[in-house]
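Structure at a glance
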Amino acid sequence: DMISRRRDALGPSEAPVTEKGKPVPRQAQAKGKYTYVDMLGWGKPARIRGGLEWREPKGKARIALVWFTQDMKEYKPPAANLAALRSAGSPEDDHKVAEVVFSSRPGYEARYTTYFYPEGTLTGSLVKVYVTETLLVPESDGVFFLHYRAEKKDFLKFHPLFRTFRDKIVLKPNPPLG
């Protein structure tokens, strides 16, 4: 437990990562704001507004890295983001937002459930239930989001891979003011 807390305080390592004996390169994104190691095996990520999204080949899970700067229309102040996290999901969710340390920074994490009813079907005749885990790290020049979403039946299957991916993300320090 003590070692785990110390590792969390120090943040993730930027040491080279190997998979099956081969080095996996660290990738930089958002003008060098963060780096990640793509060891998901899901193929190249798609560009989305503010970041990247990986999709499991059979469409069973998605992971998105997003960085919104204050000049983007998607940007919301930290209090608004926290309120949105607390209200996200369904009535059966606990609507708790946990304080976490991510890459040596204070952040917030929430898990919530959503229901999707495909268009053109009778309401309730066909429903997909999704579970989403969202990490939010407010910064002085923007906000970092990491989203993991999967159908409820597949959520725990892909969650360990998501956690391994998450542990390899490094947020770069903010430049000094002045």
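As a starting point, this report considers the structure included with it. Only a predicted model underlies this, so the values are computations on that prediction, with no experimental measurement involved.

**Here's the deal with the packing of aromatic side chains**
According to the stated counting rule, one finds nine aromatic pairs in the structure shown. Between Y36 and F165, the aromatic rings sit 6.3 Å apart at their centres with planes inclined by 55°, giving tilted as the arrangement. Residue Y36 is located in strand β4 (residues 34-37), and its partner F165 is located in helix α3 (residues 152-167); the two are separated by 129 residues in the primary sequence. Taken individually, Y36 and F165 each receive the classification buried, so the pair is uniform in this respect. With centroids separated by 6.0 Å and ring planes inclined at 85°, the aromatic side chains of W42 and F158 adopt a geometry described as edge-to-face. On the criterion of sequence distance, the pair formed by W42 in the loop between β4 and β5 (46-48) and F158 in helix α3 is long-range, its members being 116 residues apart. Taken together, the ring pairs in this structure connect Y34, F102 and F144 into an aromatic cluster. A cation sits over an aromatic face here: R149 above Y130, 3.8 Å from the ring centre.

**Topic: the side chain of S90**
Assignment of secondary structure puts S90 in the loop between α2 (78-87) and β8 (98-102). Judged by its relative accessible area of 7%, S90 is buried. Of note is the side chain of S90, whose polar atom sits 3.0 Å from the backbone oxygen of T113. In this structure S90 touches H95, T113, T114 and Y115, once residues within four positions along its chain are discounted.

**Overview of the pattern of salt bridges**
This model, assessed by the stated rule, comprises ten salt bridges. In this structure, R105 and E139 form a salt bridge, with 2.8 Å as the shortest nitrogen-oxygen distance. With R105 in strand β9 (residues 105-116) and E139 in strand β10 (residues 128-139), this pair connects stretches of sequence that are 34 residues apart. With respect to class, R105 is no different from E139; both count as buried. A salt bridge links E133 to R111; its shortest N-O distance comes to 2.7 Å. Remark: R111 occurs in strand β9 and E133 occurs in strand β10; sequence separation between them is 22 residues. Residue class for E133 comes out buried when judged on its relative accessible area of 4%. By sharing partners, the salt bridges in this structure join E109, R111, E133, R163 and R166 into a single network.

Cut-offs and rules
- Residues numbered from 1 in each chain as written.
- Predicted model: local features only at pLDDT ≥ 70, side-chain atom pairs only at ≥ 80, totals over all residues.
- Heavy atoms only, no water.
- Phe/Tyr/Trp six-rings, centres within 6.5 Å; stacked < 30°, edge-to-face > 60°.
- Helix = DSSP H or I, 4+ residues; strand = E, 2+ residues; numbered from the N terminus.
- Buried < 20%, exposed > 50% of the residue type's maximum accessible area, 1.4 Å probe, protein only.
- Lys NZ or Arg CZ within 6 Å of the ring centre and 35° of its normal.
- Polar contact = N/O pair within 3.5 Å; in protein donor to acceptor, adjacent residues only side chain to side chain.
- Contact = heavy atoms within 4.5 Å.
- Salt bridge = Lys/Arg side-chain N within 4 Å of Asp/Glu carboxyl O.

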